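The residues making up each chain are set out below.
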Amino acid sequence: MPDSSVPRPDAEAGPLPVNAPQPPIQPTGSASKGMEPMRAILLVVLAVACLSCSDATAKYLGRTLPPAEIAWMRYVVFTALVMPLALRGGSLHVLKTTRPGLQILRGLGMLGSALFFIMAMQHLPLAEAAAISFVSPVFVTVLSILLLAEKVGVRRWAALLVGLAGVIIVIRPGAEGFQPASLLPILTAFSWALGLVATRKMTVQENPLTTMVWSALTGLIVLTALLPLHAVWPTPWEMLLGGFIGLVYTLSQWLLILAYRQGEASVLAPFTYVQLIWSTALGFLVFGAVPDHWTFVGTGVIIASGLYTAHRERMRARQNRPAAA
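Anyway, here's the lowdown on the structure attached to this text. (Residues numbered from 1 in each chain as written. Predicted model: local features only at pLDDT ≥ 70, side-chain atom pairs only at ≥ 80, totals over all residues. Heavy atoms only, no water.)

In terms of regular secondary structure, the protein is built from twelve helices and zero strands. For the protein, the N- to C-terminal ordering of α and β elements is α-α-α-α-α-α-α-α-α-α-α-α. Within the protein, the proportion of its 325 residues that are buried is 54%. Surface accessibility of the protein: about 14200 Å² in total, with carbon and sulfur atoms responsible for 70%. (Helix = DSSP H or I, 4+ residues; strand = E, 2+ residues; numbered from the N terminus. Buried < 20%, exposed > 50% of the residue type's maximum accessible area, 1.4 Å probe, protein only. Areas by Shrake-Rupley, 256 points an atom, 1.4 Å probe, with all protein chains shown as cover.)

This is the structure in structure tokens:
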């Protein structure tokens, strides 16, 4: 599990799994020594496989349970696993923060990304929902300009617009097969981007474990308040599946943290697209869903855009190293 030595996340590395509340970790300082890229890549592949399993199970539960209740189950398990680590030694020091407003904003952003994605999966094939949600880098870029005063080059804008075009190909607005539910993964991506930018706006004074705890508690408190409005008493089997979602979901976060402590974010970011492969496979095996050719075309465009963005970030990082040295 993560500890207080975990470095800061980096939003410039490219697309990330948007249905995860903890952004991947960019290794810095001593944590970047002795990196093992192949092991890190394997950890990323396993992490997104866990995320896809969590998503598929949530989609299955969505047949009988409301989205807020499914998300609540996930947050209960996640919080139960994180809090003992945070409170080891009996100290509440980890709960102290200098930016409570941003911590809550981040928590709400991550909660929104989880909740909107679960809602999307009730109406869309798993692969299609996952592909559309990868539009998050566009929102990260726009919010970074507005809230962080960052400068973005023409090439990166071009790559992001290509990725946006890929999303439009997938959802095909105005076409006969268009579903309004296709907007839910876009809300997922926006919520994720808002939480990610809030993370970056918080200074390095914030302990990453503190951020994890605040996000977990924020989501759990909001969902607990919503639960009486939508709750359906689950069967023992549904409770078991809800616990599985939380466990696998937390495991994915642990694997991502391990991965990004052993490899550079710009190298690992493209491998998050393996989530689309896992989602397509699980969607077919569990639900018998086969994406149409437009979904494959749009997904290919999104992946190409993300790979180019990650390549540009890697080149920029190499150029900045001599200056930093």
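Time to look at the state of the cysteines. Applying the stated criterion to the full structure yields zero disulfides. Cysteine C50 shares no disulfide, and the gap to the nearest cysteine sulfur, in C53, comes to 6.4 Å. For C50, a relative accessible area of 14% corresponds to the buried category. For C53, a relative accessible area of 31% gives the class partly exposed. (Disulfide = S-S within 2.5 Å.)

As a further point, take the side chain of S252. Assignment of secondary structure puts S252 in helix α9 (residues 236-262). Setting aside residues up to four positions removed in sequence, S252 forms contacts with A47, C50 and L51. (Contact = heavy atoms within 4.5 Å.)

Summarising the element assignment, T199 is placed in helix α7 (residues 183-201). Among the polar contacts listed, one links the side chain of T199 to the backbone oxygen of G195, at a separation of 2.8 Å. (Polar contact = N/O pair within 3.5 Å; in protein donor to acceptor, adjacent residues only side chain to side chain.)

Under the counting rule described, the total for this entry stands at three aromatic pairs. Measuring from centroid to centroid gives 5.5 Å for F139 and F190, while their planes differ by 85°, and the two rings are edge-to-face. Of the two residues, F139 is situated in helix α5 (residues 136-148) and F190 in helix α7; the sequence distance between them amounts to 51 residues. Taking relative accessible area as the criterion, F139 reaches 22% and is therefore assigned partly exposed. In this arrangement the basic side chain of K59 is found over the ring face of F287, its NZ or CZ atom lying 5.3 Å from the centre. Positioned above the aromatic ring of Y249 is the side chain of R74, whose terminal nitrogen or guanidinium carbon lies 3.9 Å from the ring centre. (Phe/Tyr/Trp six-rings, centres within 6.5 Å; stacked < 30°, edge-to-face > 60°. Lys NZ or Arg CZ within 6 Å of the ring centre and 35° of its normal.)

Moving on, we get to the environment of G101. With respect to the element layout, G101 can be found in helix α3 (residues 100-121). Taking the C-alpha atoms as reference, G101 lies 9.6 Å from A198; in sequence the two are 97 residues apart.

Another aspect to go through is the packing of helix α2 (residues 67-86) against α9. Packing of α2 against α9 leaves a shortest axis separation of 8 Å and a crossing angle of 55°. By the angle class used here, α2 and α9 are oblique. As for how α2 packs across α9, the hand of that crossing is right-handed. Contacts between α2 and α9 involve I70, M73, R74, V77, F78 and L81 on the former and, on the latter, E238, M239, G242, G243, I245, G246, L247, Y249, T250 and Q253. (Axes fitted to C-alpha atoms, helices over the stretch in contact; angles between N-to-C directions. Parallel < 35°, antiparallel > 145°, perpendicular 65-115°, else oblique. Left-handed = near helix turned anticlockwise from the far one by under 90°.)

Moving on, we get to the packing of α2 against α3. Packed helices, taken two at a time, are described by the angle their axes make and the gap between the axes. One can describe the packing of α2 onto α3 by two numbers: an axis separation of 9 Å at closest approach and a directional angle of 130°. By the angle between their axes, α2 is oblique relative to α3. The chirality of how α2 crosses α3 is right-handed. Listed contacts from α3 to P67, A68, I70, A71, R74 and Y75 of α2 are M110, L111, A114, L115, I118 and M119. Of the residues belonging to the contact of α2 with α3, the class tally is eleven nonpolar, no polar and one charged. (Nonpolar A, V, L, I, M, F, W, Y, C, P; charged D, E, K, R; others polar.)

Just distances and angles here, no functional claims.
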